[in-house]
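Observations on the three-dimensional arrangement
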Amino acid sequence: MTPPSDDTRCAPSRRPAAARAGAAGVPPAVVRAPPPDARTIPPTARPRRRAHIAAAAAGLAVAGILGGLTVDRDGALPGDAAYVVGGDVVTEAQFRWHLGVVEALDGAGPPVADPQRDRYERDVAHAAVVSLVLGAEARRRGLVVSDADVDRALAAHRPGRAGVAEADMRAELRRRLAAEALRAQVVSGVPAVTDGELRRAYLERPPLSAERRRLLNIVVESRERAEEVLAQARAGADWGWLAVRYSRDDGTRDTGGELGEPSADELEGPYAAAAFAAGAGEFFGPVRTRAGWNVGQVVGVQAAVPVPFELVGEQFRAGLLAERRAAAWQGFVRQQVAAVAVEYAPRYRPADPSAAPEPPSVAATGG
């Protein structure tokens, strides 16, 4: 990958003064030295591996929180601009380079289909804008990422593409770590959940146990054989006899294909979908899993019921606290981005600039 020229590669270009009118007081989105009292980010504030959109957004930890961007349509964008944040121009070449760095770090290519690719690039541009805004705020607060933390993050990511300089990957990881530290600082003041609040929340929306189903299953080698077994079962053949005669599963053949009472989460996806769509007493299939072709019967349904408070109290408290922190961070991010004028080139403008970008589909990827 050929990087942009040295004068455009590392930081946004500054928009001409006339185009920056009214931008006074906006936190600059360019790198600057931290204040003398800057503190070091604790080692615990490190990012986890994420989908491309979260990666481009500097390691935001809570999905769905980005939004509130104010789009300023005053004046024309420079011809080579991908987007402008508070008067700082990010060129097409800079954005393309950013895409390459993110894909190298996270070891996956973008979607190859044109509609998916377009959505992917719009979402990454949207998230990159938020990265600039949060980065400026992290610097304003004096948040500094240590080289040792960047070293550890780089080792954990195992970059998957040649042609991207390590310095550029380290810079991207430093931005992600800074955003993690900013989030930790913002949510640190969220109050704990009191016992009274915990009890009220439980009464309003008690957590439910997973629905479970008693299932019988027969696995065979082909779809044709599965359809044959299913036809015999529906015609009244004894299920236990069918299991003994046809099933390839040594562990359940002699018990009539008994699978116990699993929840949907304990089954392979396609099989769970078929088993939990059928009613009590009904047959389902054929459905393919890693074991082969399956036909099954729902013997009984154990409906979801509220879990006793004594069994989930502290776990429920932790969930409520996580919700509070997510809401606090969401509100903070919205305040930050709402204060900055943002413009997008038409090809990168999100469908709804004030909404949170969704992670792009990477089901069909490039090499």
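Going by the structure above, here's the rest.
Residues numbered from 1 in each chain as written. Predicted model: local features only at pLDDT ≥ 70, side-chain atom pairs only at ≥ 80, totals over all residues. Heavy atoms only, no water.

What follows is about the sheet that holds strand E9 (residues 283-289). Across the sheet, four strands lie side by side as E8-E7-E10-E9; this open sheet has antiparallel pairing. Because the sheet does not close on itself, it has two edges, and the strands there are strand E8 (258-260) and E9. Recorded for the sheet is a direction-independent mean angle of 30 degrees between the axes of neighbouring strands. Pairing geometry for E9 and strand E10 (residues 292-302), over five bridges, is antiparallel. Bridging across to E10, Phe283 finds its partner in Gln297. (Pairing = 2+ DSSP bridges. Helix = DSSP H or I, 4+ residues; strand = E, 2+ residues; numbered from the N terminus. Axes fitted to C-alpha atoms, helices over the stretch in contact; angles between N-to-C directions.)

Judged by which residues are buried, strand E5 (residues 88-91) turns out to be covered on both faces: Asp88 and Val90 on one side and Val89 and Thr91 on the other are all buried. Here four bridges tie strand E4 (residues 81-85) to E5, and the two strands are oriented antiparallel to one another. When the bridges of E5 are listed, Ala81 appears paired with Thr91. Here E4 folds back onto E5, and the loop between the two strands holds two residues, one of which, Gly86, carries a positive phi near 55 degrees. (Buried < 20%, exposed > 50% of the residue type's maximum accessible area, 1.4 Å probe, protein only.)

Glancing now at the packing of helix H4 (residues 114-140) against helix H11 (residues 309-338). It is at 10 Å that the axes of H4 and H11 come closest, and there the two elements cross at 95 degrees. Classified by the angle their axes make, H4 and H11 are roughly perpendicular. Note on element contacts: H11 touches H4 through Trp329, Phe332, Val333, Gln336 and Val337, opposite Val130, Val133, Leu134 and Glu137. A class-by-class count of the residues in the contact of H4 with H11 yields seven nonpolar, one polar and one charged. (Parallel < 35°, antiparallel > 145°, perpendicular 65-115°, else oblique. Contact = heavy atoms within 4.5 Å. Nonpolar A, V, L, I, M, F, W, Y, C, P; charged D, E, K, R; others polar.)

What follows deals with the environment of Leu216. One can find Leu216 in strand E7 (residues 212-220). Leu216 sits 24 residues away from Gly240 along the chain, and the two C-alpha atoms are 9.3 Å apart. Among residues more than four places away in sequence, those in contact with Leu216 are Trp239, Gly256, Gly257, Glu258, Tyr271, Val295, Gly296, Gln297 and Val299.

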